[in-house]
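Listed below are the residues making up each chain.
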Amino acid sequence: MNKWYQIFQKSTGLSVYVWVMFCILPFYFIFKSSSTYEVVSGIVMIILFFFCYFRSFTSKGWLVYFWTGVQIIISIAMTLLFSYVYFAIFLAFFIGNIQNRAGFFTLYSIHLLSTFITVNYGFVTQKKLLFTQFPFILISLIVVILLPFNTYNRNKQGQLEGQLEDANKRISELVKLEERQRIARDLHDTLGQKLSLIGLKSDLAGKLMRKNLAQAQAEINDVRQTARSALKEVREMVTQMRGTRLEDEVFRVKQIMKAAEINFAVEGSPVLNNTSLLTENVLSMCLKEAITNVVKHSSATLCTLTIESLRSELVLKIKDNGIGIDDQVSCFRGNGLSGMRERIEFMNGSLEIVSNNGTMVIIKVPNVVKLPEEEAGV
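Here is a short report on the structure shown in this document.

Cut-offs applied
Residues numbered from 1 in each chain as written. Predicted model: local features only at pLDDT ≥ 70, side-chain atom pairs only at ≥ 80, totals over all residues. Heavy atoms only, no water. Helix = DSSP H or I, 4+ residues; strand = E, 2+ residues; numbered from the N terminus. Buried < 20%, exposed > 50% of the residue type's maximum accessible area, 1.4 Å probe, protein only. Contact = heavy atoms within 4.5 Å. Areas by Shrake-Rupley, 256 points an atom, 1.4 Å probe, with all protein chains shown as cover. Pairing = 2+ DSSP bridges. Axes fitted to C-alpha atoms, helices over the stretch in contact; angles between N-to-C directions. 1 Å grid on protein atoms, 1.4 Å probe; cavity = no way out; pocket = protein on both sides within 12 Å on 5 of 7 lines; lining within 4 Å. Points joined across faces, edges and corners; volume = space filled by probe spheres on them. Core = buried A, V, L, I, M, F, W, Y, C linked by side-chain atoms within 4.5 Å. Parallel < 35°, antiparallel > 145°, perpendicular 65-115°, else oblique. Left-handed = near helix turned anticlockwise from the far one by under 90°. Nonpolar A, V, L, I, M, F, W, Y, C, P; charged D, E, K, R; others polar.

## Examining the overall build of the protein chain
The secondary structure content of the protein chain amounts to twelve helices and five strands. The proportion of buried residues among the 378 residues of the protein chain is 38%. Taking the contacts inside the protein chain whose residues are at least 6 apart along the sequence as the reference set, 70% of them involve residues at least 24 apart. For the protein chain, the accessible surface area stands at approximately 21,700 Å², while carbon and sulfur atoms represent 59% of it.

## Overview of the sheet that holds strand 3 (residues 313-320)
Read from one edge to the other, the open sheet built from five strands follows the order 1-2-3-5-4, with strand pairing classed as mixed. Looking along the sheet, the strands with just one partner apiece sit at the ends: strand 1 (263-267) and strand 4 (350-355). Averaged over all neighbouring strand pairs, the angle between strand axes comes to 10°, with direction disregarded. Two strands pair when backbone bridges link them, and strand 2 (residues 302-309) and strand 3 are joined in this way by seven bridges, in the antiparallel orientation. Pairing of isoleucine 307 across the sheet is with leucine 316, part of strand 3. Strands strand 1, strand 2 and strand 3 of the sheet are contacted by helix 9 (residues 246-259), whose axis makes an angle of about 160° with strand 1. Along the sheet face, helix 12 (residues 337-346) touches strand 4 and strand 5 (359-366) and points at about 140° away from the line of strand 4.

## Quick notes on empty space enclosed by the protein
Following the criterion strictly, the structure yields three cavities of 30 Å³ or more and no others. By volume, the largest cavity is sized at about 90 Å³. In terms of lining, the largest cavity is formed by Val175, Glu178, Glu179, Arg182, Leu278, Asn281, Val282, Met285, Arg343 and Phe346. When residues of the lining of the largest cavity are traced back to their parent elements, those giving at least two are helix 7 (134-211), helix 10 (277-298) and helix 12.

## Here we look at the pairing of strand 5
Taken together, the eight bridges between strand 3 and strand 5 define a ladder with antiparallel strand orientation. For leucine 314, the partnering residue across the bridge sits in strand 5 and is valine 365. One ladder, built from six bridges, connects strand 4 with strand 5; its direction is antiparallel. Paired with valine 354 across the two strands is methionine 360, which belongs to strand 5. Between strand 4 and strand 5, which pair antiparallel one after the other, the connecting turn spans three residues, and asparagine 357 there sits at a positive phi close to 55°.

## A closer look at the nonpolar core
Within the largest apolar cluster, 42 residues are counted, with the highest numbers of intra-cluster contacts made by Met78, Phe87 and Ile137. Taken together, the elements giving at least two residues each to this core come down to helix 1 (16-31), helix 2 (36-58), helix 3 (62-82), helix 4 (87-96), helix 5 (101-124) and helix 7. Among the elements that make up this core, the one with the highest residue count is helix 4 (nine residues). The residues contacting methionine 78, other than those within four sequence positions of it, are Pro26, Ile30, Gly42, Met45, Ile46, Ser83, Tyr84 and Phe87. In terms of nonpolar packing, the next biggest core, distinct from the first, is built from 27 residues, Val250, Leu316, Met340 and Val361 among them.

## Some words on the packing of helix 3 against helix 4
With their axes 9 Å apart at the nearest point, helix 3 and helix 4 run at an angle of 160° to one another. The orientation of helix 3 with respect to helix 4, classified from their angle, is roughly antiparallel. Between helix 3 and helix 4 lies a crossing whose hand is left-handed. Counted together, Val64, Thr68, Gln71, Ile72, Ser75 and Met78 of helix 3 and Phe87, Ala88, Leu91, Phe94 and Ile95 of helix 4 form the full contact between these two elements.

## A word on unusual backbone geometry
Residues other than glycine seldom take positive phi values, yet glutamate 261 does so here, at roughly 60°. Tracing the backbone through its elements, the reader meets glutamate 261 in the loop between helix 9 and strand 1. Despite not being glycine, serine 299 shows a phi value in the positive range, around 55°. Take serine 299: it is sitting in the loop between helix 10 and strand 2.

## Focus: the packing of helix 2 against helix 4
With their axes 11 Å apart at the nearest point, helix 2 and helix 4 run at an angle of 5° to one another. Judged by the angle between their axes, helix 2 and helix 4 are roughly parallel. Listed contacts from helix 4 to Ile46, Phe49, Phe50, Tyr53, Ser56 and Phe57 of helix 2 are Phe87, Phe90, Leu91, Phe93 and Phe94. Classifying every residue of the contact of helix 2 with helix 4 gives ten nonpolar, one polar and no charged.

What follows is the structure in structure tokens.
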């Protein structure tokens, strides 16, 4: 439950000054009585009401319903004895803060029914103060009907927003974890083999130093060349980690295809203005991997990239007229297909490979539109 002193800080539809007035107003009704006994009993009920109100906000479990029940009884007594109806508004606000659905509807029904019966009984017995307050009592009854639902729904909305925020944080952590795993996988793929090769060649060069100096020198040159190649690949990988737009990757693909003497055509626009950078980066990496396989293994003379930006998903189709997947399946398995599949599945997408007069790689990912304020600086 919320702390009792927070009631003035919440947007209940009533000004804080109205709440303060409702705290002072019962004393005015009590002191209008000529009987000392009634005045004393009224003051006791007011103090007891606010004590119960405080206990309601600070208690848990069945005690919440006990203190609320006492408040309802005091509110009825104040209405019948002093024509003071406005404790019902305090109760209406508090009941709206009850999170248990069954408890909320039970207390709401009891409070609403008791308030209507008490007020109508007062009018039937012709209590003058009730008649003079009729417009305000009518407003109070409307508040008793609407305020609990308003408060209850607002609290539920706050809980849902909190859950959504937690879910977004969790998604952010998962994205970071996946990115770490991707970096680790790329580092392993990029450096693992080359560092092993450097170690083997270094050992071999050390053994050849006394037997065949020329061969040892050749092995050292290979080590130097392998180290430079590894450094270049690491730099390229770091550049990719910064995020690549599909438009930029398509431009590089055109250059690669031109150098490989493969005709390359693009159907659809590679400019995805309303797509998140994360999605574009994944698509760019997958496109790069697919094109690399086309260049190295397909023996194709023509490659077509089709980009379809549908309402619910983005579709990339890389089609070549090469030898087909049946003849190069082992090459695909060893050249990034698993990495492509992992990245796409992380985005809740799918990867499909079709072999028919060549090879067609079909990549589908959900079309998650970015929010301008989230990626304004990208």
